[in-house]
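So the chains spell out like this:
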Amino acid sequence: EAQVTQNPRYLITVTGKKLTVTCSQNMNHEYMSWYRQDPGLGLRQIYYSMNVEVTDKGDVPEGYKVSRKEKRNFPLILESPSPNQTSLYFCASGTTYNSPLHFGNGTRLTVT
Amino acid sequence: QKEVEQDPGPLSVPEGAIVSLNCTYSNSAFQYFMWYRQYSRKGPELLMYTYSSGNKEDGRFTAQVDKSSKYISLFIRDSQPSDSATYLCAMNAGGTSYGKLTFGQGTILTVHP
């Protein structure tokens, strides 16, 4: 089954404790992206990747890092999480940058 | 001003009604337009995808793009309770803005039996 898999689905952590949210897709997609979804603000793009070793900032990259060492994986790293990063995070992938996106089911992160 | 504006609703309609969802945008470079549906506790799923202006129909769903007015719409005919979800418009400029997909806030739709 074609899918984008995120882990974990739920995560509660404390300020400053580094964490990684994993994302993996099995569709051989070149394009992958991370979004955060907040009430009243909709989905905002954090980072995206056009291909292996090619990443670029979206609209809200501050406080986040990504890497794309393999085509299927695109982890999101929070080096020092803060409460304003409490949000619902989605990973997505697509054939190319302007093709329809397939989304994962989200990771709900709470930073206390 | 946000690049993409979408009325968050909520919108509540009886079963069988025609639903109209809309987005306006300010960036004239947008050329790829999408509508996503998001159920509670799920990721968005693609409903419609159009390039440039015009209409596209898929079953009960019709997407319209009017680039001259910077306005896009999604129409749902014969709405069903299973259509209850949040609907998100999304746009991409391509070209030098490749990779950047901009979403509206989403409209919450409830269809009552």
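The following paragraphs examine the structure supplied in this document. (Residues numbered from 1 in each chain as written. Chains lettered and ligands numbered in written order. Predicted model: local features only at pLDDT ≥ 70, side-chain atom pairs only at ≥ 80, totals over all residues. Heavy atoms only, no water.)

On to the sheet that holds strand β1 (residues 4-7) of chain A, then. Residues and elements named next belong to chain A. With respect to topology, four strands assemble into an open sheet ordered β1-β3-β8-β7, the strand pairing being antiparallel. Looking at the sheet topology across the chains shown, the edges are occupied by β1 and β7 (65-66). In the sheet, strand β3 (residues 19-25) pairs with strand β8 (residues 76-78) via three bridges, with the strands oriented antiparallel. Looking at β8, one finds that Thr20 is bridged to Ile77. (Pairing = 2+ DSSP bridges. Helix = DSSP H or I, 4+ residues; strand = E, 2+ residues; numbered from the N terminus.)

The next thing to look at is the interface of chain B and chain A. Across the boundary between the two partners, chain B contributes 21 residues, which contact 21 residues of chain A. In total, chain B and chain A occlude about 1800 Å² of area from one another, counting both sides; carbon and sulfur atoms represent 53% of this. Our enumeration of links across chain B and chain A arrives at zero salt bridges. There are six residue pairs in polar contact (both at pLDDT 80 or more) connecting chain B and chain A. Counting only elements with at least two residues in the side of chain B that touches chain A, the list comes to β4 (32-38), β5 (45-51), β9 (85-92) and β10 (101-103) of chain B. (Contact = heavy atoms within 4.5 Å. Buried area = accessible area lost by both parts, 1.4 Å probe. Salt bridge = Lys/Arg side-chain N within 4 Å of Asp/Glu carboxyl O. Polar contact = N/O pair within 3.5 Å; in protein donor to acceptor, adjacent residues only side chain to side chain.)

Below, the discussion takes up the sheet that holds strand β6 (residues 54-58) of chain B. Residues and elements named next belong to chain B. Spatially, five strands are ordered β1-β3-β8-β7-β6 in an open sheet, and the strand pairing comes out antiparallel. At either end of the open sheet lies a strand with only one pairing partner, and these are β1 (4-6) and β6. Averaged over all pairs of adjacent strands, the angle between strand axes in this sheet comes to 15°, irrespective of strand direction. Taken together, the six bridges between strand β3 (residues 19-25) and strand β8 (residues 71-76) define a ladder with antiparallel strand orientation. The residue of β8 that forms the bridge with Cys23 is Ile72. (Axes fitted to C-alpha atoms, helices over the stretch in contact; angles between N-to-C directions.)

Glancing now at the side chain of His29 of chain A. Residue and element names in this part refer to chain A. With respect to the helices and strands, the residue His29 is situated in the loop between β3 and β4 (31-38). Within the local environment of His29, its side chain forms a polar contact with the backbone nitrogen of Gly94, the two atoms lying 3.4 Å apart. Here His29 is in contact with Arg68, Lys71, Ser93, Gly94, Thr95 and His102, once residues within four sequence places are set aside.

Take the nonpolar core next. Side chains that are nonpolar tend, in soluble globular proteins, to be buried together. One finds Trp35, Ile72, Leu74, Tyr87 and Met91 of chain B to be the most contacted residues of the largest nonpolar core, which totals 25 residues. Of all elements in the fold, only β3, β4, β5, β7 (61-66), β8, β9 and β11 (107-112) of chain B reach the threshold of two or more residues within this core. Not counting residues up to four positions away in its chain, the partners in contact with Leu74 of chain B are Val19, Ser20, Leu21, Trp35, Leu47, Met48, Phe61, Thr62, Ala63 and Tyr87 of chain B. Listed in part, the 19 residues of the second largest apolar core include Val4, Ile46, Val66 and Val111 of chain A. (Core = buried A, V, L, I, M, F, W, Y, C linked by side-chain atoms within 4.5 Å. Buried < 20%, exposed > 50% of the residue type's maximum accessible area, 1.4 Å probe, protein only.)

All names here are of chain A. Residue position: Thr55 is located in strand β6 (residues 54-57). Counting along the chain gives ten residues from Thr55 to Lys65, while the straight-line C-alpha distance between them is 9.9 Å. Ignoring any residue separated from it by four or fewer positions in sequence, one finds Thr55 in contact with Tyr48, Ser49, Val66, Arg68 and Phe74.

For the structure shown, the criterion picks out two disulfides over all chains. Two residues, Cys23 of chain A and Cys91 of chain A, share a disulfide whose sulfurs are 1.8 Å apart. What sets the handedness of the Cys23 of chain A and Cys91 of chain A disulfide is the S-S torsion sign, and at about -75° it is left-handed. Here the residue Cys23 of chain A occupies a position in strand β3, and Cys91 of chain A occupies one in strand β9 (residues 87-94), the gap between them amounting to 68 residues. One exposure class covers both Cys23 of chain A and Cys91 of chain A, and it is buried. Bridging Cys23 of chain B to Cys89 of chain B, the disulfide has an S-S length of 2.0 Å. Every disulfide takes its handedness from the sign of the S-S torsion; for Cys23 of chain B and Cys89 of chain B that torsion is -100°, giving left-handed. Linking Cys23 of chain B in strand β3 with Cys89 of chain B in strand β9, this pair joins segments that are 66 residues apart in sequence. Accessibility classification places Cys23 of chain B together with Cys89 of chain B in one group, the buried group. (Disulfide = S-S within 2.5 Å.)

Any functional reading would require information that these geometric values do not contain.
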